[in-house]
Amino acid sequence: MNSHELVNQIERKRSFLCVGLDTDPRLIPSKFKQEADPVFAFNQAVIDATADYAVAYKPNIAFYEALGPKGWESLQKTMEYMPKDVFTIADAKRGDIGNTAYMYAQTFFDPKSSGLNFDSITVAPYMGHDSVEPFLRFANKWVILLALTSNPGSHDFQMTKSEDYIPMYERVMRLAQTWASPEELMFVIGATRVDFLQKVREIAPDNFFLVPGVGAQGGSLEDVARYAMNSRVGLLVNSSRGIIYAGDNPAVDAKREAQKLQEEMAMHLDAFYIK
């Protein structure tokens with residue numbers, strides 16, 4: 001999916017909602033545990049409930065890898081079930097070099113190899129350009145680079161300043177923009193870092209941001225829209241637990257929470273989106 005198609009879907013659904021499929025067999029309602037593939041059955045119900053409101057889905061790969069071969073099978077079936085017009089994100093946070101990085105890219109981008117065909121993958125930039133470049137070799141795919149996260153440990157490295165007083169997250173964002181265009185590069189920006197939202201948009205005016213942390217983690221959707229929206233919207237705001245674990249009946253509970261977020265997003269699009 002290219003940026004034009006993504007923006008068209010955002011405008012059509014009046015939503016920039018990404019639903020995170022962090023599906024934990026221990027947390028899904030008991031009725032799904034009776035199914036032959038509980039994880040897929042639960043994902044299927046969540047997708048059915050939220051497809052009218054979400055423009056993207058983001059399976060967190062760790063939740064599937066932890067289940068071994070059955071988990072990979074659940075992931076593949078989930079991917080095949082998703083609507084064709086949604087943006088798909090492999091939240092894998094890979095970061096290695098050379099042939100290893102290329103194999104990771106092939107895993108998530110080449111259906112002839114693995115059966116998976118994601119639109120994008122999250123990548124850790126710590127090892128530098130040669131850990132990111134192999135993912136950029138795949139046409140019409142996106143790299144979503146970790147930039148400024150909202151976890152407590154983000155201060156350990158991301159905020160560290162060098163002799164020119166530029167924090168590491170800013171150096172990462174500026175340098176990465178020389179590797180790829182805004183048509184193939186997004187950044188992960190934590191919603192709880194409200195004081196930085198305007199700054200990161202100044203650093204990367206044209207890139208899309210994947211923004212976790214709204215809702216359960218305390219981030220403000222209005223702040224994200226006000227300070228980080230650009231002329232292409234430029235936002236995918238993720239909600240995982242707040243939607244998929246909203247209650248025992250996804251058809252009602254997940255739908256309610258997704259619709260609530262979509263309605264708020266529609267208001268913010270009216271207020272802050274200037275084409």
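Residues numbered from 1 in each chain as written. Predicted model: local features only at pLDDT ≥ 70, side-chain atom pairs only at ≥ 80, totals over all residues. Heavy atoms only, no water.

### Considerations on the overall build of the protein chain
Quick reminder of the rule: For helices the rule is a DSSP run of H or I covering at least 4 residues; for strands it is a run of E covering at least 2, with both sets numbered from the N terminus onward. In this treatment the radius of gyration is a C-alpha quantity, and the globule benchmark scales as 2.2 Å times the residue count to the 0.38 power. Remark: exposure states derive from per-residue accessible area (1.4 Å probe, protein chains only) relative to the maximum for the residue type, with buried under 20%, exposed over 50%, and partly exposed in between. It only takes one pair of heavy atoms within 4.5 Å for two residues to be counted as in contact. Here, Shrake-Rupley sampling with a 1.4 Å probe gives the accessible areas, and only protein chains in the shown set may cover a residue. Positive: Lys, Arg. Negative: Asp, Glu. His and the chain ends are not part of the count. In this description, the location of a charge corresponds to atom NZ of lysine, CZ of arginine, CG of aspartate or CD of glutamate.
In terms of helices and strands, the protein chain carries 13 helices and eight strands. Here the C-alpha radius of gyration of the protein chain, 18 Å, is about what a compact globule of 275 residues would show, namely 19 Å. Each of the three principal axes of the protein chain carries a C-alpha extent, and together these read 60 × 45 × 35 Å. Across the 275 residues of the protein chain, 52% fall into the buried class. If you take every contact in the protein chain between residues at least 6 apart in sequence, the share linking residues at least 24 apart comes to 71%. Accessible area of the protein chain: about 12300 Å², with a carbon and sulfur share of 51%. For the protein chain, the separation between the mean place of its 28 positive charges and that of its 35 negative charges on side chains is 2 Å.

### Let's talk about the sheet that holds strand β3 (residues 87-94)
We count it as follows: Note on pairing: DSSP must find at least two bridges between two strands before they are called paired. Think of each axis as a best-fit line through the C-alpha atoms, taken over the contacting stretch in the case of a helix, with angles from 0 to 180 degrees between the N-to-C directions.
Taken in spatial order, the eight strands line up as β1-β2-β3-β4-β5-β6-β7-β8 and close into a barrel, and their pairing is parallel. The average undirected angle you get between the axes of adjacent strands in this sheet is 30°. As defined by bridge partners, β3 adjoins strand β4 (residues 120-123) across three bridges and the pair is classed as parallel. Note that in β4 the partner of Arg94 across the bridge is Val123. Relative to strand β2 (residues 54-59), helix α1 (residues 3-13) is tilted by about 120°, and along the sheet it contacts β2, β3, β5 (142-148), β6 (185-189), β7 (208-211) and β8 (235-239).

### Comments concerning helix α11 (residues 221-228)
To keep it simple, the criterion reads: Our arc is simply the arc of the directions from the helix axis toward the C-beta atoms.
Among all positions of α11, only Leu221, Val224, Ala225 and Ala228 are buried. The arc that holds every buried residue of α11, seen down its axis, measures 105°, which confines them to one face. The inward-facing, buried residues of α11 contact α10 (194-203), β7, β8 and α13 (253-272).

### Considerations on the packing of aromatic side chains
As a reminder, the rule being used: Each pair of aromatic rings taken from Phe, Tyr and Trp, with Trp reduced to its six-membered ring, is defined by centres within 6.5 Å and is described as stacked if the planes are under 30 degrees apart, edge-to-face if over 60, and tilted in the remaining cases.
Inspection of every chain in the model, using the stated rule, returns nine aromatic pairs. With a centroid separation of 6.0 Å and 20° between ring planes, the pair formed by Phe42 and Tyr245 is classed as stacked. With a gap of 203 residues between them, Phe42 in helix α2 (residues 38-50) and Tyr245 in the loop between α12 (241-244) and α13 connect regions that are remote in the sequence. Among the residues examined, Tyr245 registers a relative accessible area of 23% and is labelled partly exposed. Taken together, Phe32, Phe42 and Tyr245 form an aromatic cluster joined through their ring pairs.

By themselves these figures say nothing about function.
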